[in-house]
Amino acid sequence: MDNYLIKKPRIQDSSPVQDSSHVQDSSSSSKRIRVDFNLENLPSDLGLRQKISSYHPNNHDEIRRYYLTKGLCQPILDVFPLSYFSEKPRRFRSDYIDKDATFCFYCYLFGWQDVDSHVGGVNSAHSQAVKKGEDLLMEKQHIQSVLVKQLNKDKHDYRVQLNVIVDCIRFLLCRGLAFRGHNESQGSSDKGNFLELMQFLGDHNESINKVLQTALKNCKLTHPEIQKDIMNAIASETSKAIIKDLDNGFFSILVDELRDISVKEQKSLVLHYVNKKGTIIERFLGIVHVASTTALSLKCAIECLLCEHNLSLSNLRGQGYDGASNMQGDINGLKTLILKENKLTFYVNCFAHQLQLTLVVVAKNHINIAEFFYVVSNLVTVVGGSCKRRDVLRDAQFVKIKENLENGVCRSGQGLNQETNLKRPGDTRWGSYYGTILNLILMFSAVVDVLEIIEEDGLSDQKVEARSIIRSILSFEFVFALHLMKNILGITNELSRHNTQQRTNLHHYRVELFYTVIDMQLQELNNRFSEANTDLLLCMACLNPSNSFVAFDKEKLIRLAKFYPSDFLGTDILALDSQLQNYISDMRSNDFFLELQGVSELAEKLVRTRKHKTYPLVYLLVKLALTLPVATAIVERSFSTMKYIKNELRNRMGDRWMNDCLMVYIEKDVACSIDNETIMQRFQNMKTRRRQL
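Criteria and thresholds
Residues numbered from 1 in each chain as written. Predicted model: local features only at pLDDT ≥ 70, side-chain atom pairs only at ≥ 80, totals over all residues. Heavy atoms only, no water. Helix = DSSP H or I, 4+ residues; strand = E, 2+ residues; numbered from the N terminus. Buried < 20%, exposed > 50% of the residue type's maximum accessible area, 1.4 Å probe, protein only. Contact = heavy atoms within 4.5 Å. Core = buried A, V, L, I, M, F, W, Y, C linked by side-chain atoms within 4.5 Å. Expected span 1.5 Å × (residues − 1). Arc of directions from axis to C-beta. Pairing = 2+ DSSP bridges. Lys, Arg positive; Asp, Glu negative; His and termini not counted. Salt bridge = Lys/Arg side-chain N within 4 Å of Asp/Glu carboxyl O. Phe/Tyr/Trp six-rings, centres within 6.5 Å; stacked < 30°, edge-to-face > 60°. Lys NZ or Arg CZ within 6 Å of the ring centre and 35° of its normal. Axes fitted to C-alpha atoms, helices over the stretch in contact; angles between N-to-C directions. Left-handed = near helix turned anticlockwise from the far one by under 90°. Nonpolar A, V, L, I, M, F, W, Y, C, P; charged D, E, K, R; others polar. Patch = residues over 30% accessible without salt bridge, like charges linked within 9 Å, V, L, I, M, F, W, Y side chains within 5 Å. Areas by Shrake-Rupley, 256 points an atom, 1.4 Å probe, with all protein chains shown as cover. pLDDT = per-residue confidence, 0-100.

Peer 1: Outline the overall build of the protein chain, listing residues and values.
Peer 2: When you go through the protein chain residue by residue, the secondary structure sums to 31 helices and nine strands. When burial is assessed residue by residue, the protein chain has 45% of its 693 residues classed as buried. Pairs at least 24 residues apart make up 66% of the contacts formed inside the protein chain by residues separated by at least 6 positions.

Right under this line is the structure:
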């Protein structure tokens, strides 16, 4: 029996849960309230749902069909949280699901509330409710379908027509192209990508063209709402395939927020998990508009999105965000709020953002380095201030490269001496400062030439600025800082110190500048890497299989298991001790595991050789280590995609439409693996259609 697990109904205020209004029927003495609804906003949590009877009778079947199509939402926990009623602790139990009609999915939808004899026999109220649910999804039995009789040829033509529509929409979604045209009338020469692509397919296939031309005027399937329904069907099947691949396993979340082109705050959520093959997978789950970016608002949005896809916080094992205070705050940050509900959701600040922000702090606190980056910023602004100056810089650099090639100073070859330019660095883009410095060193003489041209031919203000920059960059202090920061940004190894006996120029540049910068970096890194997280990462490093498992440390791995008390019980810790000893002996004597370069390769090899069945506790440690995210680059890529999909010409896209487009475009490999038949069946079951497959 399929059931829903619900929370205890919450006390509602005068406003409904979803964005809806109340229409009061004054003719009834009980003043029954009818609730308007939006299918997109119907909650999955039964504790938040309105009764079916509270909606208008004409909408009951539509709402029931929506819930039936969406599927079950039943988090299964070994131990449910305690609540206090009448000063006594109460806890939900899993066996309530099979015994109590209050938690039955079908009985909720079809209004039966007799708790005493729930399931019963074939003719029981519960069985009748299940039968009603099955019948509701079988449109061929509906009276509308009986009234509209279709010949076999009509059904065949409808299937061909719908199949062509799905192919066209797939093509446009996977390439991020717009659907609509400015003028979609019959005589228009540019009807938009969707209609033009359909016409193209018809022009090159006579059978398709015949079906499209003979389709009924009110069933051409070209209306924008039909397009959106099919898009939603493709996106829903894509997310369903992702959740199926997760297979109710452990996962981490990667979250970030950004404003779109229409100045709406959007939150992107990505799942990070290890699949059945032992491969690390990162999948886009959705993008949600949030009215507020407070930690509490973001947490509610995350919970709603996870609940929508039937994912439980109990399986969450990691969080990955950037360094913003609303994300990583120790008091009211998003990570803290989630940790209060699940202590195993360890948080690791994105390494790329963390290191980059550390360097930014150093630049702001050391006066010499701050002055250096200030000059670099002004230099980039002046030299790259116009297309003309950029062209002059490229021409000057081309002349220098040509001279060096002729004099044998540099060599030619594929990928060498490519055209480059100066780009403004960004605080949260790892490597941007390093790239700017490398380009400046490479193009230093060409930059000086351009500044001299500006000093001679520019306006009065530009001449002064160019002269000031030339004096700064030709000084020894600037050149030293330029090469110093190149080394610091390019090398992560710790550097040793040597004391000097007297204050010399060497002492000034080594101690007062070089060592000070290194100390600031180390201090900032210590502040951003907590002691607990550092210990966790050090223990995980013992799983590294490189160099014949030289990093293996049994004691640290046992300590790692103790970080996850709900996954490793007391007896498991004892079993892990002996299992680790057998595991390392097996690995070091097995030729298949000698050339591995990382924990991800280890996981895949364990699954391929079925060693994950031999050492299940060790493999669980490997999965937990891989589940913990260390970078949020994929979230940044989802925002780059959002800017491509929702651009200046498509800035009026609705949130649901944009989310469906992003889901298919980002996860096109998953979307392309879904057959058209599955998509057409979901589209057909979304609502009552005039024609049947």
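Back to the text.
Peer 1: I'd like a description of the nonpolar core, backed by residues and values.
Peer 2: One finds Leu-162, Ile-169, Phe-194, Ile-230, Phe-251, Ile-253 and Leu-271 to be the most contacted residues of the largest nonpolar core, which totals 75 residues. Ranked by size, the runner-up nonpolar core spans 43 residues in total, among them Phe-250, Ala-561, Leu-576 and Tyr-619.

Peer 1: Can you break down helix α28 (residues 633-645) residue by residue, with the values?
Peer 2: Counted at 1.5 Å a residue, the expected span for α28 with its 13 residues is 18 Å, and the 19 Å between its end C-alpha atoms agrees. Inspection of α28 places Ile-634, Val-635, Ser-638, Phe-639, Thr-641, Met-642 and Ile-645 among the buried residues, and these make up the whole buried set. Buried residues of α28, seen end-on, are gathered within an arc of 160 degrees and therefore sit on one face of the element. Opposite the packed face of α28, turned more than 90 degrees from it, sit the exposed residues Arg-637 and Lys-643. Packing partners of the buried residues in α28 comprise β5 (251-259), β6 (265-274), β7 (280-289) and α29 (655-666).

Peer 1: Tell me about the side chain of Arg-682, residues and numbers included.
Peer 2: Among the secondary structure elements, Arg-682 is positioned in helix α31 (residues 676-686). Contact partners of Arg-682, with chain neighbours within four places excluded, come to Thr-69, Ala-233, Ser-236, Glu-237 and Lys-240.

Peer 1: I'd love a proper account of unusual backbone geometry, names of residues and values included.
Peer 2: At Ser-548, a position not held by glycine, the phi torsion is positive, near 60 degrees. You can see Ser-548 is positioned in helix α22 (residues 546-549). Residue classification places Ser-548 among the partly exposed residues on the basis of a relative accessible area of 35%. Phi is positive for Arg-610, which is not a glycine, with a value near 60 degrees.

Peer 1: Go over the pairing of strand β3 (residues 82-85) with me, naming the residues and quoting the values.
Peer 2: Looking at chain direction, β3 and strand β4 (residues 88-91) are connected through four bridges and run antiparallel. Within β4, the residue paired with Phe-85 across the bridge is Lys-88. In this antiparallel pair of consecutive strands, β3 and β4, the connection spans two residues, and Ser-86 shows a positive phi of 55 degrees.

Peer 1: Tell me about the side chain of Lys-605, and please be specific about residues and values.
Peer 2: Among the structural elements, Lys-605 can be located in helix α25 (residues 599-608). No salt bridge forms around the buried Lys-605; measuring N to O, its nearest opposite-charge neighbour Glu-601 is 7.5 Å away. For Lys-605, the residues in contact, after removing those within four places along its chain, are Phe-592, Phe-593 and Leu-596.

Peer 1: Can you break down the packing of aromatic side chains residue by residue, with the values?
Peer 2: This model, assessed by the stated rule, comprises 11 aromatic pairs. Seen in terms of ring centroids, Phe-346 and Phe-563 are 5.8 Å apart; in terms of plane orientation they differ by 75 degrees. Their pairing is edge-to-face. Of the two residues, Phe-346 is situated in strand β9 (residues 346-347) and Phe-563 in the loop between α23 (554-561) and α24 (570-589); the sequence distance between them amounts to 217 residues. Classification of Phe-346 as buried rests on a relative accessible area of 14%. According to the relative accessible area criterion, Phe-563 is buried, its value standing at 19%. Following the ring pairs from residue to residue traces out a cluster consisting of Phe-549, Phe-552, Tyr-583 and Tyr-615. Directly above the aromatic system of Tyr-665 lies the positively charged group of Lys-668, at a separation of 4.0 Å from the ring centroid.

Peer 1: Outline the packing of α23 against α24, listing residues and values.
Peer 2: Between α23 and α24, the least distance of the axes is 10 Å, while the angle of their chain directions is 145 degrees. The chirality of how α23 crosses α24 is right-handed. Contact residues: Lys-554, Leu-557, Ile-558 and Ala-561 in α23; Ile-573, Leu-576, Asp-577, Leu-580 and Gln-581 in α24. Here the contact of α23 with α24 is composed, by residue class, of six nonpolar, one polar and two charged.

Peer 1: Quick one: what's the story with a nonpolar patch on the surface, residue by residue and with numbers?
Peer 2: Residues Phe-171, Leu-177 and Tyr-644 make up a contiguous nonpolar surface patch of roughly 260 Å² in combined accessible area. Following the sequence through the fold, Leu-177 ends up in the loop between α6 (152-174) and α7 (193-203).

Peer 1: Please give an account of the pattern of salt bridges that cites residues and values.
Peer 2: Using the criterion set out here, one finds 21 salt bridges in the structure. Here Asp-669 makes a salt bridge to Arg-283, at a shortest N to O gap of 3.2 Å. Here Asp-669, found in helix α30 (residues 668-672), pairs with Arg-283, found in strand β7; they are 386 residues apart in sequence, far enough to count as distant. Residues Lys-299 and Glu-341 are paired through a salt bridge, measuring 2.7 Å at the closest nitrogen-oxygen approach. Placement of the pair is Lys-299 in helix α10 (residues 295-308) and Glu-341 in helix α12 (residues 334-341), with a sequence separation of 42 residues. Taken together, the shared-partner salt bridges connect Asp-229, Lys-687 and Arg-689 into one network.

Peer 1: Lay out the confidence of the model for the protein chain in plain terms, naming residues and giving numbers.
Peer 2: Per-residue confidence for the protein chain gives a mean pLDDT of 78; residues scoring 70 or more make up 75%. When pLDDT is averaged over each helix and strand of the protein chain, the minimum, 42, is found for strand β1 (residues 22-24) and the maximum, 94, for α30. Low pLDDT, under 50, characterises residues 414-418; the stretch is placed with six contacts to residues that sit more than four places away or in other chains. A low-confidence stretch, residues 498-503 (pLDDT under 50), is modelled with six contacts involving residues beyond four sequence positions or located in other chains.

Peer 1: Any details on the sheet that holds strand β8 (residues 316-320)? Residues and values, ideally.
Peer 2: Ordered in space as β7-β6-β5-β8-β9, the five strands form an open sheet in which the pairing is mixed. Every interior strand has two partners, whereas the edge strands, β7 and β9, have only one. Docked against the sheet, α10 engages β5, β6 and β7, running at close to 55 degrees with respect to β6. The strands touched by α12 within the sheet are β5, β8 and β9, with β8 carrying the most contacts at an inclination of about 175 degrees.

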